[in-house]
Every structure is written in C-alpha cells, then in structure tokens.
Amino acid sequence: MDSLGGLLLRISVVLYGSCSVLALLPGITEPEFIRRCVKAHNTHRARVSPPAAGARSMSWDKELAKGARDRARHCKGSHYPSLGHFGHPLFGWMGENIWLGSPFSAFSVENAVHRWSKEGAYSVKNNNCSRLCGHYAQLMWSTSFKMGCAVNVCSKGIENFSTHPESTIFVCNYGDTGQVHGVTPYMAMGCSGCGSEICRDNVCRYDWFPGWDYGPPSSAHSVSYWQTNLGLCLLGVCWLLHFYATH
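Per an unreviewed UniProt entry, the protein chain is named GLI pathogenesis-related 1b, and its organism is Danio rerio.

Below, the structure written as structure tokens:
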C-alpha cells in the first residue's frame with residue numbers, strides 16, 4: 001500500500017505540474033506576449049553595433065505566429081526544411097529561429113532573443129562569423145519587418161534535444177527571410193538607408209500594413225487607405241461605363 005500510495009502521489013504531482021505549466025503558456029493572440037516578442041526583437045536590432053543603414057522595425061503578423069505555433073507543437077529541435085510551402089499571403093520564403101530549454105521556468109522571451117543576439121561573433125565588416133550565426137543573422141536581418149512567435153511545452157520531450165517532461169520550444173517566424181548565404185545581415189551606416197521612412201532608435205519606422213494584419217496604426221492612415229481604394233473603385237466603374245457606351 002505504501003508503494004502504491006507513493007506511486008499515486010508522484011503521478012498526481014506530475015499531472016498537477018503539467019497542468020500548472022500549461023496554464024502559464026501564453027497564446028499567440030495575447031497582447032502582453034506579442035508586446036514582449038516585438039519589443040525584444042526591436043531592442044536588439046536597435047542596439048546592433050555598428051548601427052544598421054536600413055534595418056526595419058519589426059511588427060507582429062498573425063499568420064507567421066500561426067506557423068510558429070504549428071512548428072512548436074511538433075516538438076522537433078530542428079529547423080523546418082522548406083518554409084516556402086507555408087502559404088503566407090505575402091512572403092514566399094520565411095525565416096525561422098528556435099530556442100530550446102528545460103524546465104519551462106528557464107524560458108522567457110527576453111532570454112531567448114538575447115541568446116540569439118549573442119550567438120557566435122559576427123563581423124559585419126568582413127561578413128563572417130567565428131561560429132554558427134544563423135539565429136543572429138535572422139534576428140538582425142535588415143529587410144525582415146514582420147514576425148510571429150509561439151512557445152510550447154513538450155511533455156514527451158523534444159526530438160534531438162531532451163526527454164525532460166517540461167522541454168520547452170520557442171519558435172519565431174520572419175518575413176522577409178534572412179540567413180541568405182554570403183549576404184551580410186545589414187549594412188553599417190546608421191539609418192542612412194531609411195529613405196522617406198522615419199529613423200527612430202536606429203531602425204526605420206514606416207506607416208504601412210498588409211491587408212491580413214490587425215489594421216492601420218492610426219486613424220489618419222485608415223482614412224488614406226480607404227480613400228485610395230474608393231478612388232480605384234470609382235475609376236473601375238468609370239471604365240466599365242465607357243466600355244459599354246462605346247460598344
């Protein structure tokens with residue numbers, strides 16, 4: 001009985017622990033999780049030394065986040081072989097960064113992104129790295145401007161990493177893709193490549209949003225957006241009237 005009681009106690013602890021961990025997992029639509037992911041990325045992109053010429057600020061993309069969530073749920077410690085088949089409405093190819101750790105308490109968005117930023121020792125001037133720098137290159141890739149992340153706890157462990165019951169995987173997907181072989185992540189010359197975009201905190205800020213995004217960043221942009229589309233619609237109507245009048 002003592003042995004059975006001890007076994008039941010251990011099972012209850014495992015089950016209770018698993019439930020409590022799952023309750024702590026942030027979803028891909030939670031505002032605080034989104035804020036922390038975006039802030040962590042933009043903070044490191046702004047601090048890159050020397051400053052980048054045209055690095056764009058990152059913003060959230062729900063479709064990229066869905067892809068990251070799908071990857072995290074597979075509990076595999078390797079990169080997806082062909083992100084181009086994900087079917088995103090804009091990006092043909094997407095970048096991917098992965099953080100692995102255990103237990104779940106070892107994870108935070110900030111620690112994961114910080115680890116990527118410290119990966120290897122990349123030299124922008126010589127366009128080389130003393131070790132593997134794939135995560136760093138994607139994090140700092142100047143033309144990437146959309147991202148989506150997800151975190152998952154794999155109770156049966158993560159393939160090619162750990163069998164720990166709280167093995168944790170954090171995945172971020174990016175558009176445009178980075179880590180192009182032979183191409184430097186960014187050009188040094190702080191904000192010189194922003195053009196008409198505003199340079200703030202060493203990254204290029206822009207007032208643009210895709211149709212599948214959460215919406216325009218300001219009411220002024222919304223008015224401009226609908227005025228543009230209304231003008232296009234009226235132009236189309238006028239063309240059709242002219243076509244039928246002349247045929």
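Next comes the rest of the account.
Caption draft 1: Molecular detail of the state of the cysteines. In the structure shown here, the tally under the stated rule is two disulfides. Between the sulfur atoms of Cys75 and its disulfide mate Cys154 the distance is 2.1 Å. An S-S torsion of about -95° defines the bridge between Cys75 and Cys154 as left-handed. Of this pair, Cys75 sits in the loop between helix H3 (62–73) and strand S2 (95–101) while Cys154 is found in strand S5 (residues 146–154), placing the two residues 79 residues apart along the sequence. Cys154 carries the same exposure label as Cys75, and that label is buried. One disulfide bridge connects Cys149 with Cys172, the sulfur atoms lying 2.1 Å from each other. A torsion of 110° about the S-S bond marks the disulfide between Cys149 and Cys172 as right-handed. In this pair, Cys149 is assigned in strand S5 and Cys172 in strand S6 (residues 167–175), connecting sequence segments 23 residues apart.

Caption draft 2: Structural context of the nonpolar core. Membership of the largest hydrophobic core comes to 42 residues, with the highest contact counts inside it found for Trp60 and Phe170. For this core, the secondary structure elements donating two or more residues are helix H2 (31–46), H3, S2, helix H4 (109–117), helix H5 (134–140), S5 and S6. It is S5 that contributes the most residues to this core, six residues altogether. With sequence-adjacent residues up to four places away left out, Phe170 is seen in contact with Phe33, Cys37, Asn97, Ile98, Trp99, Phe107, Val109, Ala112, Trp116, Cys149, Ala150 and Val151.

The rules behind each value
- Residues numbered from 1 in each chain as written.
- Predicted model: local features only at pLDDT ≥ 70, side-chain atom pairs only at ≥ 80, totals over all residues.
- Heavy atoms only, no water.
- Disulfide = S-S within 2.5 Å.
- Helix = DSSP H or I, 4+ residues; strand = E, 2+ residues; numbered from the N terminus.
- Buried < 20%, exposed > 50% of the residue type's maximum accessible area, 1.4 Å probe, protein only.
- Core = buried A, V, L, I, M, F, W, Y, C linked by side-chain atoms within 4.5 Å.
- Contact = heavy atoms within 4.5 Å.

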